[in-house]
Structure formats: structure tokens, C-alpha cells
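Summary of the model geometry
Each chain is listed here by its residues.
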Amino acid sequence: MGLDRRAFLGLVAGGAVGTMFTPIPWKLIDDASIWTQNWSWIPKVPKGQIDYVATSSKLCPACEGLKIMRVAGNPVSAGGNPDHPLSRGGVSALARSEVYMLYSPARIKSPMKRSGKTFAPITWEQAVLEISEKLGAAKGSVACISGDGTGTVNELLSAFVGKLGSAGYFMMPSEAGTAAKSLKLMGTQGQAGYDFENADTVLVLGADIFETWGTSTRNRKAFGATRPVGQKPASNYIYVGPTRNNTASVCDQWIPASASDLGVVALGLAWHLLKAGVASNAPGFDTFKAVVNGGFSPEDIRRATGIAPEVMAGLAKTLASAKSPLVVMGSPFGQGLGAGPFIAGMSLNMLLGRINKPGGVYMLPELATVVPGALTRAAMLEADLPAFLKGVESGKTPAPKALLVYDANPAYGLPETATMAKALEKIPFKVGFASFMDETAALCDLVLPNSLPLERYDDVATPYGSGFCVYSLVRPIQKPVCDTKTTADVILGLARKLSIDLKFDNFQQVLKEKVATLAKASGGFVAKDVMPWQVAAGKPAPVLAGGDLWKALEAGYAWTMVGQVAQTAMGFAPEILAKAVKAGKGQATAATLIPYAQLRTGTPVTGIPCQNLTTVPDTELVKESTFVRLNSETAKALGLKKGATVKVRGAGADCEAKVHVFESVMTGVVSAPLGFGHTAFDIFSKGKGANYLSLMAVAEEPGSGMSVWTASEVKIA
Amino acid sequence: MEEKRSNSAGGVGGMVLFGLIGFVGALVVGWVVFPKMLYSEKTQPIRFSHTTHTQLGIECEQCHHLGPDGRFAGLPTTEACAECHGDETGDASPNGKEIDKFVKEYAKTGVQVPWLVYQYQPDNVFFSHAAHKGFECTKCHPDVAKMDNPPAYYENRLSGYSKDTMKMWECERCHASMGTSNACYVCHK
């Protein structure tokens, strides 16, 4: 009985049937299906002890407090800190990305030195030696551009540059700069702080308060707190601006007005208030009244802006009858606003008696400086960077011999971008202190990587927009991922090498001194059980008794203070208004470009956080093309169709775009997203669409002489 | 024709016999050989004796506790173990050598011990120990408290998961028997 053909078939058949009664086929199918899901590029959820540590966001301009979730000591995600007054548990799309950005492909991994058109890595010792030699030779002509609007690092940089012989200390353009210059023109001092929490009626003139203006995360929380689910709203928000943006879309009312007409609208409202008999003792009131009555009647406003007289009258009545009205002014995309519209808006607050009142605008004192020779924040905000760089480009202003760029990207984030980049190229020696290889770093001769906020000590002092003084600590929660250093420590090292005395050995000492100064300041307290807006509303401020303020700050709490600088002569600055704000003849141009910014696409220094790219809708970006938005009436007037590819020309440059017909844009306005069109960074930012800021033309504002660019005429074909 | 018939009759018997042999052989391969081929046997990086620790009166929850927010702390960190085992003992006994190995390789270097976890769920499963704390640990986990040597860890060569990882049908069966929802979102967020 050998193994013949039949026996073999029997063996196979028996084996096959037997196999069906074993786990082989079923287990293999199951495991094979699991195996197909195990690809090497799928991220693994880390396992281990989970804990939360507190810090504050530095990448996000809203400066909210963060709670970083760690697994086995490694940060995995960032969320809002419920105990922090600028967060109250909220977090922006940008702050949420702070953890992921530790591993961004655009990070500068070590010091780099230009070698022709590319960079070669060098050691920190080589880099510091080279910079100290070059800066030593450039003494008397060293400028600095900083993009950090809230950090004490500015004290170190300004003192360092000052002692080297400063050719200028420049902050990147911001709402804070406009406000500081405007308040100075109004004869006052302090930083404008807006008490949203105690306001019951908020008129927003242009500012995108829930997206990019000031403490946007806190603003959203303050708004939300007055609108409990299922109950009648306890506040009234009105937005005046060119598009129904993220702010306007949740406000109670949207009144379309061009970004160049915000001051006109404010003075039009002042006309109604003055007619109702509102008066003021502030300097310049009589001239102000004459200016307003002379050119901002309801008919003037209708002609200039298209807003009907009854709408203006109704708005003025709403403001006048509100218990705690507040007027907020700003650029729809966070930069380029002139003194005219700011002063006009602030005049409304003055007429309504809202200066230094709960629910109004506080003139917040600046926190004391601790570095000898440092500039105050007000002094830092005085310089006009676009004007300076335009002067350098045209040869009217001598180029500094050396430039330090800290946490700023002027080669991308300024209007007339190409001109600004050309100006930078004229400066013979440039050092970039950056975390990511951005457009400006790519132009520098030496790039010294700054550790990211989750890897370094840093601080946040009263961001613009906050209604109270606030100070929070940024602390390292992990070792630097790359060969990076805290720039402030590098500056202190450079100072020692150049025999410049900045008093401190390391940045932590500077911050400890700052905190010690705050601990002594009267009226300051740690926001824990009592929040600053409650104190503004009349609740007694807790006493900062003993205790270790540094420890409280490290635990994620914020030091806060409610109060204002003494006001002696805050006036209406009517001579500025008379020149800077004019009710014109109305829309003459077919297309006015007014960009909009969103935190999900990052800032000029962060680029687009890679995880956020997936949240950009296909009405903004499709493949490599970005969309401009205009309504059907504008599209018809320009002969454009939905989806058409066009060239937008302005300020001597042009950008490609696709047309998105969108009725939430006012007639005559072309709304374009910022944050795209990078030529540096990584695959998540580079080559994605166009940078429409490059089409914005800078103009000198009559009266104040400030550079302004909130709206620019463009041609579309 | 005769020979053919004869072959045919003998062939059927042979076919049945070999069919049986094939059937039994397949069962043996399927139930005995196949599992040995499918799983690779691994041992823990440190031979941790649970019994030694339970005999000292240490409760399970002391090392495997739920956090205040209900999160399961899982395995103790190297730092937690080093609170008791921070220094080498010099003890030549098997247990002493194992402690010294831990101190030398992990406690002093700060590296976390790469423990092999018998029942880690895939990343797309949200399993909350807090929601299951009414059950005895041994309902799902091996009763390691009574083991001096940690059991062998069997890793599936194809899927990469532990042999003891609970399958979805097991979760579903228990949920059904307890009257708990088996909706997708209960476990897959």
C-alpha cells in the first residue's frame, strides 16, 4: 500500500480538511490584516507615566498659558491652562502646535555659516568667535530687529546693541507699535489694555480680536463667558470691517467698511455722540469737535463708506446707552494701522468715558526694566522698521554695518516684501537668531539656532491687548532636541567676550531679578482664586504675601496687576486726526487688497505648522495655489469667474491666485490669506501659494508720518 | 480490467487512510507546530519577581496605580524602582544579581526599562482602566503576583502584538454580557 496518486490526493484532502479545524487559516488572515496596518511611518502612541507641566506660549502672539502633557517625561501635546488668565483653558491652533514643532523639519539643527549660496554647520565656539570679531569691527553701526513683543530678552538685546553703538532697535510691525505711537501723539503714556471681561458692548473697528489681534485666546474666553449656552447673551459685539472674518462671524452685527475707512466710521460715530451733547475736558476737545462736525456728518459717512445714516445713528445710540461700552481698533490682519484710525477709535472711548474704567481701556504701566542700559518697551516700539528698510534700500538711510535679527522674519513678514529683502541684502553682516530656517535666516551670514520655548527659559510680559498687567514664565520642559542654545545666553556670552557689562551671567538670573522686582511691586498678585478682571470690577486684590513668586510662576500661575499709569494730559490729538482721517468721495477703485491672517497658518517666524496644513480648507489652498476672495458683485465688475487663475498686481509686484467668490467680503475688496507663499522653511510651508503681503504698498500717513498699509489698490487680470 | 478493479478497491482504502493521516497531521501542525512558528518567545529585560515584592506587603496599586484623573500609570518608572533599588547590592544570589543588573543598566543611566507588556492594546483602542476598576486584575491579566519568574512573552511575528493581547471579540463578548454598549466609539475615539 504505497503512496500512489489516490493516496496522495487523500493525504492532501485530509490535510486540507484538517487545516480547517486548526487556527492556521483564520489566525493567518487575522494577523495578515493587522500586519497590513503596521507601517513604519505610522506614529506610535508613547507609553508611560502621564503628567502635565505648565508653561506659556511664546510662538503664539496670544501668549496663553499652556499645560503640556508628557508621557514618560516626553512632551506629546499642548493644551490651554485653565488657571492662566490669558488662557482659561483655551488654546490657539498655533500654541497647540508648539510640541509638534520641536521636530519640525525646518528647525536649524546647529550653528550655520554662509558658504556661497548655501550654509555649512560650524561649532558654537567658532560662531561666537566670528560674531564677536565682526561686531567689534562694526561698533557704532549695529542694528537689531526683534520679533518678540513681550520678552525680557529685548532688554538684553537693546542694552547690548546700545552699548555696541546702536544704529537702531526695531520691533516688527504690530498693533502694539501703532498703539504706542498713537498714545504718545495723544499726549499720554502706558500700554492700551482692553477690559473685555467687564464690557457689555464692544465695538470692534477692524481688529480681528478672536483670531490675530492681541490676546485673542483670552478675548474669545471673555466673549464666551458672556454667552452661556441656552441663556440670553450678556454682551453685544459689533464688528466693522471689510470681511465677515472669524471675529465678525460670531459678532451680533457686521457692518462692512474698508480698512482704510475705520477712522472715518469712528469719527462719524463721534459726530452722533457730540450731537447728543457729549463733552469732554480733555485737551483738544474743542478742535476735535470742530474737526468732527466739519467733515464727518452722516451724509459724509454715507458718501465715503456707504454706511447708511440710520445705521450710524443706531450704532451711536447703542454705544451711548450701554453701561460699559468699549471700542477696539486694529488692522484686519494685525499690522499697518495708522495713528489716525487708532486715535479716532480711542476718542470714542474718551467721549464715552471709558478710559481707566472697568470694561473700558486701561493705560497699563510698563513693568520695570532690570538690565542696565535697556530700552523701555515704549522706546522700542517707536522706531519705524518699514520706513527704515525702505530708506536703506533707496540709499537715503545709511545701511548699518551689522544687523542682529531675533525671532523675526522681515524678509517675509513686511509689506513690499521684495524691497525689504533687498534692503537686508545691503547690510554687509547679518546674524539670524532663529529656530527655523526662515526667509531672513536664509539671507544671513551666520545663523545661530535659538532653542524653542519648550526647551528654554523665557518670559511673557503684558502682551498687547491684555486688560491688565500680566507676567508669566516660559520654562524648559525638555532638553533641546537639536544643538541649539537660548539666544539670551548667547548674547550674554558675546557681551562678556566684547567686555560689555550687562550685569548678568545667564538669562535665568535676569528673569529671577525681573520676578523679584515684580514681587516688590505694589498691587501685584498671583491670579489664582481671584482673576484680574474681578479686581477691576471692584473685588479686593489678594495680597502677594511672602511666598515664592518664582515657584508660583513655574507652576503655571500668572502674576497680574490691575491699574493704570497716572494720566495728566490725554488729549484728542485733533491736529493728527484732521490730517490723517478724511471722509473721501467713496470707492473709486475696483479692487482694494485687504489681507487676513489666521493663527493656524502660523506667523512669519514659525511658518505653517505641519499638522495645521490639513486644516487649511480647499477654498484657501489647493495644491500650490492660494485663493483670493471677492464677492460676486466685485467678480462681475472685474470680469472674473469662480476658480479662474489670475495675477494680482500691486506695489510693483505680482502674485498668482485663484478666484473664490465669497459673499462675506464687501464689494470692492479683495481678501487674501496671509501665511502662505514661503520660499524657505520646509515642505509644509515652502512653495504653498503666494505671499500677498508683498503686494501691500507702504504709504506715509499725513499728520503722524507713520508707515501705513491696511489697504492697497491692486489690479487683477 | 481485473487488475484495475483490484487497484481501485485497494486505492480507496489507501486514500481514506492517507486522508486520515493528512487530517491528523494537519491538526498536529495547526495546533502544535504553527503556534511555535507564529510566536517568538522573549524574556523580560529584568527577571522581576512579583512574589518577592508581594511578600513584603507591597500592594499591586503601589506600583500599578490609577492617576487622580483616572489614567492608569501602568508600569513604574525606573526612578520609582530606584527609590528602593538605587544602589548595587553586591549580592551573588540570582535575585541580587538581577537587582544589580537593574541598578547598573537602568537606575544609574536613567534609562527606562523596556518591559515587555503582555496586554498592550493597539494605538487605535482607547482602553480605560478607570472604567474597569471594579474587576479583579486577574480577570484579564496573568496572576503575576504569584509568580517568582515573569512568564515568557510571546510576540506574534506577523502582527507584532503580544499573544496575550485581548482581541476585539473578547472585549465585545464581555461588554455584551455586562450590558455595556458595543458601539464603535466606546473604544475607538
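Here, the structure is the one placed above.
Our subject in this report is the structure included herewith. (Residues numbered from 1 in each chain as written. Chains lettered and ligands numbered in written order. Predicted model: local features only at pLDDT ≥ 70, side-chain atom pairs only at ≥ 80, totals over all residues. Heavy atoms only, no water.)

So, about the pairing of strand β17 (residues 458–461) of chain A. Residue and element names in this part refer to chain A. Taking every second residue as pointing to the same face, both faces of β17 are buried, with Asp458 and Val460 on one and Asp459 and Ala461 on the other. Bridge analysis of β17 against strand β18 (residues 469–474) gives four bridges, and the strand direction is antiparallel. Note that in β18 the partner of Ala461 across the bridge is Tyr471. (Buried < 20%, exposed > 50% of the residue type's maximum accessible area, 1.4 Å probe, protein only. Helix = DSSP H or I, 4+ residues; strand = E, 2+ residues; numbered from the N terminus. Pairing = 2+ DSSP bridges.)

Per the stated rule, a full pass over the model turns up 19 aromatic pairs over all chains. Seen in terms of ring centroids, Trp213 of chain A and Tyr464 of chain A are 5.6 Å apart; in terms of plane orientation they differ by 70°. Their pairing is edge-to-face. Of the two residues, Trp213 of chain A is situated in the loop between β9 (201–205) and α6 (216–225) and Tyr464 of chain A in the loop between β17 and β18; the sequence distance between them amounts to 251 residues. When its relative accessible area of 0% is taken as the criterion, Trp213 of chain A is described as buried. Members of the aromatic cluster, joined through ring pairs, are Tyr194, Phe196, Trp213 and Tyr464 of chain A. If you follow Lys512 of chain A out to its NZ or CZ, it ends over the ring of Trp550 of chain A, 5.0 Å from the centre. The ring of Tyr154 of chain B carries the charged tip of Lys163 of chain B above its face, separated from the ring centre by 5.1 Å. (Phe/Tyr/Trp six-rings, centres within 6.5 Å; stacked < 30°, edge-to-face > 60°. Lys NZ or Arg CZ within 6 Å of the ring centre and 35° of its normal.)

Residues and elements named next belong to chain A. Phi at Cys63 is positive, roughly 55°, even though this residue is not glycine. Inspection of the secondary structure assignment puts Cys63 in the loop between β1 (50–56) and β2 (65–71). Its relative accessible area of 4% is what places Cys63 among the buried residues. In this structure, Thr462 is a non-glycine residue whose phi angle is positive, near 30°. Looking at where Thr462 falls in the secondary structure, it is placed in the loop between β17 and β18.

What follows covers the sheet that holds strand β12 (residues 325–329) of chain A. Residues and elements named next belong to chain A. Reading across the sheet, the four strands line up as β11-β10-β9-β12 and stay open at both edges, with parallel pairing between neighbours. In the strand order of this sheet, the two ends are held by β11 (253–256) and β12, each with one partner. For this sheet, the mean angle separating the axes of adjacent strands, direction not counted, is 15°. Packing against the sheet, helix α7 (residues 262–275) makes contact with β9 and β10 (236–241), and its axis sits at approximately 140° to β9. Helix α11 (residues 339–351) contacts β9 and β12 of the sheet and is inclined by roughly 175° relative to β12. (Axes fitted to C-alpha atoms, helices over the stretch in contact; angles between N-to-C directions. Contact = heavy atoms within 4.5 Å.)

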